[in-house]
Amino acid sequence: MKTIVEPGRRTRVFAEPDVLVVGGGAAGIAAACASARGGARTLLVERHGFLGGTLTAVTLGGICGAYGVADETHLFRTVGGLYLDVEARLAVRQAILAPRRHGRIVGVPYESVVFRSMADELVAAHGVGVLFHALAVSVTRDRDRITHVMLETKGGRLALSPKVVVDCSGDADIAAAAGVPFSLGEDGITQFGSTMFRLCNVDTALAEKLTRTEIREFLERAVADGVDLPRTATGVHLNPLEGVAHLNVTRLRRSDGEPFDLTNPEELTAAEIEGRRQAHLYENVFRRYVPGFSRARIVDIGATVGIRESRLIEGDRTLTETDVRECVKPDDRIACTAWPLESHGGGRGTNWEFLPDREWYGIPFGCLVAKTLENLLVAGRNLSATHVAQASARVAGPCFAMGEAAGTAAAMACRHGGAVRAAPVTDVQAELVRHGAVLTPEVA
């Protein structure tokens, strides 16, 4: 492998915030707002030109993990706090629907374009500074502290000098650059990614009557007719916009059948191309085989592939498969959810393992604290978790909750010289509850 030695250079220190949040998805938005709410000068940097992350760049169609199933007709809320503000702001814009059930699967349909503007307003209301089109590429360390985070921007390379960093990049980019130990899935095998897309001209009155099982049967007919579909288990979310449906149906796999390593630039490139190919394949199949979709056409494809799993950091605590299956409720929990273990592995299906009715589990604060560093927290799907446990904790609802917890803790850490372990977890929990976060769901 050829290498070069880059010449030394001086990099301008662009800002010295108390708290730097890297990544503006569900976790990042919540972390930045909570940090600023706690009195910290907060800067949120995002590689795209808008906030929302997976919710807007990939588009999800429905926000998952914010509600649990009490029984056949009742739900209970597992995420509150800043997420309630998100729901309320989208409702004012008629860009969100009531929670929709597909058997035991519960999602909250939303409109992704409106979400972008809503997020702008939300962070501005909390006094968060934002820098778009800024890619965090490296860090400098002084022993167990991150001293600077380097950005590449249209205006050149910039340096930031924060007291505390919250890594909400989804791929643990900052943690990995700082040398925090991590795993990549299980023995290097992660869950499969997906390219998301939206269809217009859908007969929603007909489409909403279809169950997921029925849709899968229609797609299996296409397979029987010789169409090579990598996946027939679908997520179809009817959008707040009339005649629009969001499809979560593609499965991105390499030629050998294994999932792409979406931290590898060559494989990520191949996955993007394959995802667009599959989107148009499914557009044609839905038009031909699925009632209500005969006139449907693609109106939007996610700006980037949907990544379910990449790097999982090593933290002070690790969320385990046992924690999820046994619905463990640790005393130091800072978030909770009732989302099932949702595994996107081989084959054309999706494996769902649901928690019992009325049950939920908690995510310990230590899952957000990066091992070996004093001033770094993480939040979102790059938390400290095992491969199996992350299949539940990675969805948007708990990501909002983890982000709010990380931002709250980061602001408190600034009062202790940036030491993220200095503030008692009970203080973090009390502040979260004061602002409406759910740490013990009320199950009717």
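Residues numbered from 1 in each chain as written. Predicted model: local features only at pLDDT ≥ 70, side-chain atom pairs only at ≥ 80, totals over all residues. Heavy atoms only, no water.

Concerning the packing of aromatic side chains
Each pair of aromatic rings is reported with the distance of its centres and the angle of its planes. Applicable threshold: Working definition: rings of Phe, Tyr and Trp (its six-membered ring) pair if their centres are within 6.5 Å, and the pair is stacked with planes under 30 degrees apart, edge-to-face with planes over 60 apart, and tilted otherwise. The cut-offs for exposure are 20% and 50% of the maximum accessible area for each residue type, with area from a 1.4 Å probe on protein chains only; residues under the lower value are buried, those over the upper are exposed, and the others partly exposed. Only when the NZ atom of a Lys or the CZ atom of an Arg is both within 6 Å of the ring centre and within 35 degrees of the ring normal do we say a charge sits over the ring.
With the rule as written, the count across this model stands at 5 aromatic pairs. Their ring planes at 65° and their centres at 5.9 Å tell us that Y110 and F115 sit as a pair that is edge-to-face. For the pair formed by Y110 and F115, the shared burial category is buried. Here the aromatic rings of F286 and F293 are separated by 5.0 Å at their centres, their planes lie at 75°, and the arrangement is edge-to-face. In terms of burial, F286 and F293 fall into one category: buried. Clustering of aromatic rings is evident, with ring pairs tying together W339, W352 and F354. Taking the ring centre of F50 as reference, the NZ or CZ of R116 above it sits at 3.6 Å. If you follow K329 out to its NZ or CZ, it ends over the ring of W360, 4.8 Å from the centre.

Observations regarding empty space enclosed by the protein
To locate leftover empty space, one rolls a probe as large as a water molecule over the atoms. Test applied: Only protein atoms enter the 1 Å grid, on which a cavity is a set of points fitting a 1.4 Å probe that cannot get out and a pocket is an open set with protein on both sides within 12 Å along at least 5 of 7 lines, lining residues being those with an atom within 4 Å of a point. Grid points are joined across faces, edges and corners, and a volume is the space filled by probe spheres set on the points. Numbering of helices and strands runs from the N terminus, with a helix taken as a DSSP run of H or I at least four residues long and a strand as a DSSP run of E at least two residues long. Polarity classes work like this: nonpolar for Ala, Val, Leu, Ile, Met, Phe, Trp, Tyr, Cys and Pro, charged for Asp, Glu, Lys and Arg, and polar for all others, with Gly in that last group.
Following the criterion strictly, the structure yields 2 cavities of 30 Å³ or more and no others. Within this model, the largest cavity holds a volume of roughly 100 Å³. What lines the largest cavity is simply Y67, G68, V69, R104, V106, A338, W339, P340, F354, L355, P356 and E359. Ranked by the residues each element gives to the lining of the largest cavity, the list is headed by strand β5 (residues 67–69), at 3 residues. Taken together, the residues of the lining of the largest cavity sort by class into 9 nonpolar, 1 polar and 2 charged. Estimates place the volume of the second largest cavity at around 60 Å³. Listing elements by their share of the lining of the second largest cavity, those giving two or more residues are β20 (333–337) and α10 (396–413). Taken together, the residues of the lining of the second largest cavity break down into 8 nonpolar, 1 polar and 1 charged.

Considering the sheet that holds strand β12 (residues 156–160)
This is how the line gets drawn: At least two DSSP bridges between two strands are required for those strands to pair. Here an axis means a line fitted to C-alpha atoms, over the contact stretch when the element is a helix, while the angle between two N-to-C directions is reported on a 0 to 180 degree scale.
Strand order in the open sheet formed by 4 strands is β1-β12-β11-β10, with mixed pairing between adjacent strands. Every other strand in the sheet has two partners, leaving β1 (12–15) and β10 (135–142) as the edge strands with one partner each. Averaged over all adjacent pairs, the angle separating strand axes in this sheet is 35°, with direction ignored.

Focus: the side chain of H48
The following threshold applies: It only takes one pair of heavy atoms within 4.5 Å for two residues to be counted as in contact.
You can see H48 is positioned in the loop between β3 (42–45) and β4 (62–64). The residues contacting H48, other than those within four sequence positions of it, are A57, F132, H133 and T304.

A few points about the pairing of strand β2 (residues 19–22)
Operational definition: Convention used here: a crossover is right-handed provided that the path from the first strand, over the helix, to the second strand proceeds clockwise when the strands point away from the viewer.
By the alternation rule, side chains of β2 split into V19 and V21 and L20 and V22, which are all buried. In terms of strand pairing, β2 meets β3 through 4 bridges, oriented parallel. Paired with V19 across the two strands is T42, which belongs to β3. Once you follow β2 into helix α1 (residues 26–37) and on to β3, the crossover reads as right-handed.

Section: α1
Short version of the rule: Each residue after the first adds 1.5 Å to the expected span of a helix.
Between its terminal C-alpha atoms α1 stretches 17 Å, which fits the 16 Å expected from 12 residues at 1.5 Å a residue. Among the 12 residues that make up α1, 11 are buried, leaving the element largely enclosed by the rest of the structure. Buried within α1 we find A26, A27, G28, I29, A30, A31, A32, C33, A34, S35 and A36. As for α1, its buried residues are in contact with β2, β3, α2 (82–92), α3 (112–125), β13 (164–167) and α10. Within two residues after α1, G39 carries a phi angle of roughly 95°, on the positive side.

Brief notes about helix α6 (residues 212–224)
As a reminder, the rule being used: Note: the arc covers the axis-to-C-beta directions of the helix.
With 13 residues, α6 should cover 18 Å at 1.5 Å per step; its first-to-last C-alpha distance of 18 Å lies within 8% of that length. All buried positions along α6 are accounted for by I215, F218, L219 and A222. For α6, the arc enclosing every buried residue in end-on projection is 95°, short of the 170-degree limit, so these residues lie on one face. Residues T213 and A224 are exposed on α6 and point more than 90 degrees away from its buried face. Trailing α6 by a residue or two, G226 shows a phi angle of about 100°, which is positive.

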